[in-house]
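Here is how the chains run, residue by residue.
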Amino acid sequence: MSTGSESDTSDGVLAEQLLRLTRRLHRIQKRHMEPLGITPAQGRLLRLVAHHGGDRPPRMADLAARLEVVPRAVTTLVDGLEAADCVRRAPDPANRRVIRIELTETGRATLRRLRSARTDAAEEILAPLTAGQREVLGGLLNTLTDVPAAERPC
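Quantities reported herein were computed from a predicted structural model and do not represent experimental measurements.

A. Main features of the side chain of Gln29. Mapped onto the elements of the fold, Gln29 is located in helix H1 (residues 4–33). When near neighbours in sequence (up to four residues on either side) are disregarded, Gln29 contacts Arg118 and Ala121.

Following this line, the structure appears as structure tokens:
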């Protein structure tokens, strides 16, 4: 039977392993995304714009809320993506003071290349695992990511 101290130590080691894996994943994804000319944060914003629900493109405030960042950070991301012709700012027809962010054809093509780059990065990370290990890992990750916020420990 393990003591609380042993559990704390193994949880600490596990937390460190997860952090190292996260950093490695970010480095690998960044390397695979560099040829696309966009940053991981810009890639995430592109995906949010593409998958925004509703009948109208998202507002800057919608994107800031989903990304959990201040609106100024979204402005900087949109500026870069607009310069690359991946998105465009469009006034809302119902309220001209509201700006909506629309995906361009270049943005759609970039998203397709982004998906391929992310798949390549994931394959690089998962290469040492067998198919069975990948299946187990997927189940474990689903368990960790599907916990409702209200049930998560503080």
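B. The arrangement of the pairing of strand E1 (residues 87–92) in detail. Across six bridges, the pairing between E1 and strand E2 (residues 95–103) is antiparallel. What sits directly across from Pro91, in E2, is Ile99.

C. Molecular detail of the environment of Gly37. For Gly37, the position within the fold is in the loop between H1 and helix H2 (40–50). Along the backbone, Gly37 and Thr110 are 73 residues apart, and their C-alpha atoms lie at a distance of 9.3 Å.

D. Looking closely at the environment of Ile38. With respect to the helices and strands, the residue Ile38 is situated in the loop between H1 and H2. Once the C-alpha coordinates of Ile38 and Leu81 are considered, the two residues, 43 residues apart in sequence, prove to be 7.8 Å apart. Among residues more than four places away in sequence, those in contact with Ile38 are Met33, Gly43, Leu46, Leu81, Thr110 and Leu114.

E. Inspection of the pattern of salt bridges at higher detail. Counted by the stated rule, this structure contains 11 salt bridges. Linking Asp92 and Arg100 is a salt bridge whose minimum nitrogen-to-oxygen distance equals 2.8 Å. Judged by relative accessible area, Asp92 falls into the buried class, the value being 3%. Look at Arg100 and you get buried, because its relative accessible area is 10%.

F. Molecular detail of the packing of helix H3 (residues 60–67) against helix H4 (residues 71–83). Running from N to C, H3 and H4 cross one another at 110 degrees; their axes reach a closest spacing of 9 Å. As judged from the angle between their axes, H3 and H4 are roughly perpendicular. Where H3 abuts H4, its residues Met60, Leu63, Ala64 and Leu67 lie against Pro71, Val74, Thr75, Leu77 and Val78. In terms of residue class, the contact of H3 with H4 is made up of eight nonpolar, one polar and no charged.

Here is what the cut-offs are and how they apply
Per chain, the residues get numbers from 1 upward, laid out in the order the sequence is written. Local features in this predicted model are restricted to residues whose pLDDT is 70 or higher, and side-chain atom pairs enter the listing and the counts only when it is 80 or higher, whereas totals over whole chains, interfaces and linings include all residues. The basis for every side-chain value is the complete set of non-hydrogen atoms in the structure, without hydrogens or water. Counting from the N terminus, the helices are DSSP H or I runs at least four residues long and the strands are E runs at least two residues long. Every residue pair with non-hydrogen atoms within 4.5 Å of one another is taken to be in contact. Here a strand pair is declared whenever DSSP counts at least two bridges between the two strands. Any carboxyl oxygen of Asp or Glu within 4 Å of a side-chain nitrogen of Lys or Arg constitutes a salt bridge here. Buried residues are those whose accessible area, probed at 1.4 Å on protein chains only, stays under 20% of the maximum for their type, while exposed residues exceed 50% and partly exposed ones sit between those limits. The angle between two axes is taken between their N-to-C directions and runs from 0 to 180 degrees, where each axis is a line fitted to C-alpha atoms and a helix contributes only its stretch in contact. Any angle from 65 to 115 degrees is called roughly perpendicular, while one under 35 is roughly parallel, one over 145 is roughly antiparallel, and all others are oblique. Residue polarity follows a fixed list, in which Ala, Val, Leu, Ile, Met, Phe, Trp, Tyr, Cys and Pro are nonpolar, Asp, Glu, Lys and Arg are charged, and the others, Gly among them, are polar.

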